[in-house]
Amino acid sequence: MKLLSVNAGSSTLKFRLYEMPEEKILTKGSFERIGSTDSEYTIRVGEEKIQKMVELNDHNDAVHILLDELINNKIVKSLDEIEAVGHRIVHGGNKYSKSVEIDERVLKEIKSISDLAPLHNPAALSGVEAFKAAIPNATMVACFDTAFHQTMKEATYLYPVPYEWYIKYDIRKYGFHGLSHKFITEKMASMLKKKPNLIICHIGNGASVSAIKEGVCIDTSMGFTPNAGIMMGTRSGDIDYSIISYIMKKEERNLEWVDNKLNKASGLQGIAGMNDLRDIDRAYLANEQKVVLAIEMYTDKIVDYIAKYFVKLGGRVDAICFTAGGGENDDIIRKEVVNKLYPLGVTLDTAKNKETIVRKGVEGIISGKDSAIPVYVLATDEELMIARDTYDLVG
Ligand code: ADP
């Protein structure tokens, strides 16, 4: 069967059309800058990548163009061939511990928790509404970024704040990047032929670390929102919350201004003045002092979480896994992190680390033969995770 895997952001829509269960990608592409006059989209047709500028008022326009392109390029003969659409939904709140078929009740519930992810959930819902209207016979499936982390226990997900905040407003740790952490967990489970104990480092622009015990998430670094945990490309991660009111007073600014700084001008950006790890690495090799400092801080934060999760897993860790854009391709960050793990008996095979670059098609183990815990570099695939979950529900 054919199904679409869709990731809709506030001004973007990424898609892949799969033939399942073969997991064959029939086409893929993305719409950028939806809602502005210079929107554009790309779609792969065979070996060719078509790129066009168009005016896209909203997600509805994008969905119609996408479906027209599928027909015009004979990728499908009729839209009826698309039996399901799996949608990435960032926040599933307390309610969803797995992917679900979207009916009127689910739609209402996702809307009701939009407060928890005001930038992300409404955008994803626009995608759902647009596909529902355009291909009403296809089953819509919601795949939540929070679902995989719903197995954390109360003592882990509660914050030490007035308990009534949890009861009244659902204030708790949710965790994000769940589709990626689940994908890596399943990949390792099939490679090791067991329900593994893992520490997974998803190092993209956003970044999170998870502790997996016997295939189930027991803790993760992101929290009530994706702003918590380790230092990221432009987000601060964990800080002392008192800084917020202090800076508001000193700079005579409102909360939105500080919030924006912590989200978009902090992390690597805040310290090094740049956030893309490729730029950071070039500057690091040129020994730029701010960048050297930023990398020391960045890798310290990752190591803090690995050490904490090592203890939480009772010292029984089958593998430490690096994934996402940075984790898959950045041998400098990996080297700095692994070198700091020497008290745990973790060692690096420097040559393997250098040649294991997912972008060049190489995955695998980068730790030394004597390492107490093997360290893996693995490609994640959130779109495929959406497709698998959707197929499991519909196929
Ligand atoms: P996100 O979905 O959070 O944007 P990705 O998983 O796509 O994250 O990762 C994007 C990040 O990965 C980039 O900002 C960059 O820092 C890093 N990255 C991508 N390619 C490379 C590379 N070849 N070397 C080092 N870092 C890379």
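Scroll up to find the structure this text is about.
Here is a short report on the structure shown in this document.

## Digging into the packing of helix H10 (residues 277–285) against helix H11 (residues 289–312)
Running from N to C, H10 and H11 point in directions that differ by 120°, and their axes come no closer than 9 Å. With respect to H11, the element H10 is oriented oblique. The two elements H10 and H11 cross, and the hand of that crossing is left-handed. Where H10 abuts H11, its residues Leu277, Ile280, Asp281, Ala283 and Tyr284 lie against Val291, Val292, Ile295 and Tyr298. Class assignment for the residues of the contact of H10 with H11 results in 8 nonpolar, no polar and 1 charged.

## As for the site of the ligand
Surveying the vicinity of the ligand reveals the residues Gly204, Asn205, Gly206, Asp276, Leu277, Arg278, Ala324, Gly325, Gly326, Asn329, Asp330 and Arg359. Here an oxygen atom of the ligand sits 2.7 Å away from a polar atom, N or O, in the main chain of Leu277. Separating an oxygen atom of the ligand from a backbone N or O atom of Gly326 is a distance of 3.1 Å. Put simply, the parts of the chain that give the shell around the ligand at least two residues each are H10 and helix H12 (324–329). Per-element tally for the shell around the ligand: the top contributor is H12, with 4 residues. Its residues assigned to classes, the shell around the ligand shows 2 nonpolar, 6 polar and 4 charged.

## Here we look at the pairing of strand E3 (residues 24–32)
With 7 bridges connecting them, strand E2 (residues 13–19) and E3 associate as antiparallel partners. From the neighbouring strand, Arg16 faces E3, where its bridge partner is Lys28. Pairing of E3 with strand E4 (residues 39–45) involves 4 bridges; the strand directions are antiparallel. If you follow Phe31 over to E4, its bridge partner there is Tyr41.

## Describing the environment of Glu154
In this fold, Glu154 is placed in helix H4 (residues 154–157). For Glu154, a relative accessible area of 37% corresponds to the partly exposed category. Reaching out from Glu154, the side chain makes a polar contact with the side chain of Tyr163 at a distance of 3.2 Å.

Definitions and cut-offs
Residues numbered from 1 in each chain as written. Predicted model: local features only at pLDDT ≥ 70, side-chain atom pairs only at ≥ 80, totals over all residues. Heavy atoms only, no water. Axes fitted to C-alpha atoms, helices over the stretch in contact; angles between N-to-C directions. Helix = DSSP H or I, 4+ residues; strand = E, 2+ residues; numbered from the N terminus. Parallel < 35°, antiparallel > 145°, perpendicular 65-115°, else oblique. Left-handed = near helix turned anticlockwise from the far one by under 90°. Contact = heavy atoms within 4.5 Å. Nonpolar A, V, L, I, M, F, W, Y, C, P; charged D, E, K, R; others polar. Near = heavy atom within 4 Å. Polar contact = N/O pair within 3.5 Å; in protein donor to acceptor, adjacent residues only side chain to side chain. Pairing = 2+ DSSP bridges. Buried < 20%, exposed > 50% of the residue type's maximum accessible area, 1.4 Å probe, protein only.

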